[in-house]
Amino acid sequence: MTSKPVDDSASKQNTDHDPLQGRKLRIGIISPYSFETPGGVQFHIRDFAQELISRGHAVEVLAPGRRTTDMPLWVHTTGSSFSIPYNGSVAHLSYFGVAGMLARKWVRQGHFDLVHLHEPEVPSLSHKPLVMGFEPCPYVATFHAAFDTYPLALRICQSYLRSYLANVRAAICVSDSALDTARRYLRPSTPMSIIPNGINVQYFASATINPDWLGYQDHPTIGFLGRMGEERKGFDVFIKACSLVLQRYPHARFLCVGDGEAEGRKIIAAIEPAMMDHVEFLGRISDEDKARFYRSLSVYVAPQLGGESFGIVLAEAMAAGCPVGASDLKAFTDISKDGRAASLFRTGEYVDCAHAVEAILDDSARSHELSTEGMCAAFDYDWSSVADQILQVYADVLTGWRLRQPLSAQRHGFHNVAENV
């Protein structure tokens, strides 16, 4: 997972509003998912860590799996992981054997001011430090997941999770949907905040156009980004809609980014084999090319069917000024400001999806309006703002933690307390 350049100019502009009043922290972040396989949570952790580092904080990240040559040096791994189906996807976790011992040793030896756990309800590394009696520093947790149907496994484990997560000093949920899910297994007394995922707006807005991907009036380019083999990403809806769009725009090109080309080709063959001549598979691309991808498209389509708690791809595309057509999922409706910043269509309805795409292509004024509204809406998710909100949670937690420590511990610092646990 390559590092993305961070534009820290916005961060520097916010020093006057620093919730920590200039204090620099040593922060540990634990990911439940391997960094070997890209995903929304991993990208969020990586980009947030880079934002913190740009502000002068010391950050270390622990994740399942093996190290790869493109991982930042501040990412540490357990050396192994296993795969399980989770929320319509495949998660690469680390839970059994020595995983707990490794996670707690990492926390203890890190001498962190605070540890930030992501998805601690998932049976993986971020679950492991929360054992009773082990609290060398305060824990903050972020909950990303939202479910269309609440899983039976979580329902069965609900009481256990409510007890196990008792050491979480503050909970951050990335959306209303994630909050609805997290409330089921968090104690009502746990402070909860809704803070969205972050993006670097300037990074996407300033990306250069790729002439090979650029769309024109009669030769538009329509884009999809996601794992084509995962049903919930809606690739089949995208292809069915594109077959209708092609009737109106016979020179249209459909550019597909992400893993699953083989599965994608099978879906096309089953739906409309003739579409194969108009679909281009770009595979997994770099962060730089992803930004250029959004900037070059005539329309970006997000046809997801469910299981989306936030929808980072919408925010990224909007930041790049790309007109967006998206399913009317709750998360996408929220990001698009109830459809003002993106053209929403009924989830799973490919005819409605095609109409939404065609309406954008047919009307240059509408396309420009969506581009402008999208760029304005994207600023709500810029790291300069999102990081400040998270740091405010940190500041509140650390204040409460300091007040609950014995006076002798306060005089000697929190790290002495950590070493005695």
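The coordinates are above.
Quantities reported herein were computed from a predicted structural model and do not represent experimental measurements. (Residues numbered from 1 in each chain as written. Predicted model: local features only at pLDDT ≥ 70, side-chain atom pairs only at ≥ 80, totals over all residues. Heavy atoms only, no water.)

A.B. asks: Give me the lowdown on the pairing of strand E10 (residues 221-225), citing residues and values where you can.
C.D. replies: In terms of burial, E10 is largely enclosed, as 5 of its 5 residues are buried. The alternating pattern of E10 places Thr-221, Gly-223 and Leu-225 on one face and Ile-222 and Phe-224 on the opposite face, and all of these are buried. Pairing geometry for E10 and strand E11 (residues 253-257), over 5 bridges, is parallel. Directly across from Leu-225, in E11, lies its bridge partner Val-257. Read as a crossover between parallel neighbours, the route from E10 over helix H8 (residues 235-248) to E11 is right-handed. Of the pairings in the sheet, the one linking E10 to strand E13 (residues 299-302) comprises 2 bridges and is parallel in character. Of the residues in E13, the one forming a bridge with Ile-222 is Val-299. (Buried < 20%, exposed > 50% of the residue type's maximum accessible area, 1.4 Å probe, protein only. Helix = DSSP H or I, 4+ residues; strand = E, 2+ residues; numbered from the N terminus. Pairing = 2+ DSSP bridges. Right-handed = clockwise from strand over helix to strand, strands pointing away.)

A.B. asks: Before we move on, can you summarise the nonpolar core with the specific residues and values?
C.D. replies: Counting residues in each nonpolar core, the largest one holds 67 residues, and the members touching the most others are Phe-143, Phe-293, Tyr-294 and Tyr-300. The leading source of residues in this core is helix H11 (residues 312-319), at 6 residues. The contact partners of Tyr-294, leaving out residues within four places of it in the chain, are Phe-204, Leu-225, Tyr-300, Val-313, Glu-316, Ala-317, Ala-320 and Cys-322. Ranked by size, the runner-up nonpolar core spans 35 residues in total, among them Ile-29, Val-59, Ile-195 and Ala-387. (Core = buried A, V, L, I, M, F, W, Y, C linked by side-chain atoms within 4.5 Å. Contact = heavy atoms within 4.5 Å.)

A.B. asks: Quick one: what's the story with the pairing of strand E12 (residues 279-283), residue by residue and with numbers?
C.D. replies: Relative to E12, E11 runs parallel, the two sharing 4 bridges. Bridge pairing in E12 places Phe-254 opposite Val-279.

A.B. asks: Residue-level account of the sheet that holds strand E3 (residues 75-77), with values.
C.D. replies: What links the strands of a sheet is backbone hydrogen bonding, and the strands pair in either a parallel or an antiparallel sense. In space, the 7 strands of this open sheet follow the order E3-E2-E1-E6-E7-E8-E9, with parallel pairing throughout. Two strands close off the open sheet at either side, each with one partner strand: E3 and strand E9 (192-194). Sheet twist, expressed as the mean angle between neighbouring strand axes with direction ignored, is 20 degrees. Of the strands in this sheet, strand E1 (26-30), strand E2 (58-63), E3, strand E6 (114-118) and strand E7 (139-143) are in contact with helix H3 (residues 99-110), which crosses E1 at around 170 degrees. Contacting E1, E6, E7, strand E8 (168-173) and E9, helix H15 (residues 383-404) runs over the sheet at an angle of about 170 degrees to E8. (Axes fitted to C-alpha atoms, helices over the stretch in contact; angles between N-to-C directions.)

A.B. asks: I'd like a description of the environment of Ser-126, backed by residues and values.
C.D. replies: With respect to the helices and strands, Ser-126 occurs in the loop between E6 and E7. For Ser-126, a relative accessible area of 0% translates into the label buried. On a C-alpha basis, the gap between Ser-126 and Ser-94 in space is 9.3 Å, while along the polypeptide they are 32 residues apart. When residues no more than four places from it in sequence are discounted, the contact partners of Ser-126 are Ile-30, Pro-32, Leu-117, His-118, Glu-119 and Pro-120. Of the polar contacts made by the side chain of Ser-126, one reaches the backbone oxygen of His-118; its length is 2.6 Å. (Polar contact = N/O pair within 3.5 Å; in protein donor to acceptor, adjacent residues only side chain to side chain.)

A.B. asks: Report on the pattern of salt bridges, specifying residues and quantitative values.
C.D. replies: Any two side chains of opposite charge can pair, so long as their charged atoms come close to each other. Per the stated rule, a full pass over the model turns up 23 salt bridges. The closest approach of N and O atoms between Arg-169 and Glu-135, which form a salt bridge, is 2.6 Å. Of this pair, Arg-169 sits in strand E8 while Glu-135 is found in the loop between E6 and E7, placing the two residues 34 residues apart along the sequence. Here Glu-135 falls in the buried class, since its relative accessible area comes to 14%. Note that Glu-280 is salt-bridged to Arg-253, the shortest N-O span being 2.8 Å. Here Arg-253 lies in strand E11 and Glu-280 lies in strand E12, a separation of 27 residues in the sequence. (Salt bridge = Lys/Arg side-chain N within 4 Å of Asp/Glu carboxyl O.)

Keep in mind that these numbers describe shape and distance, not what the molecule does.
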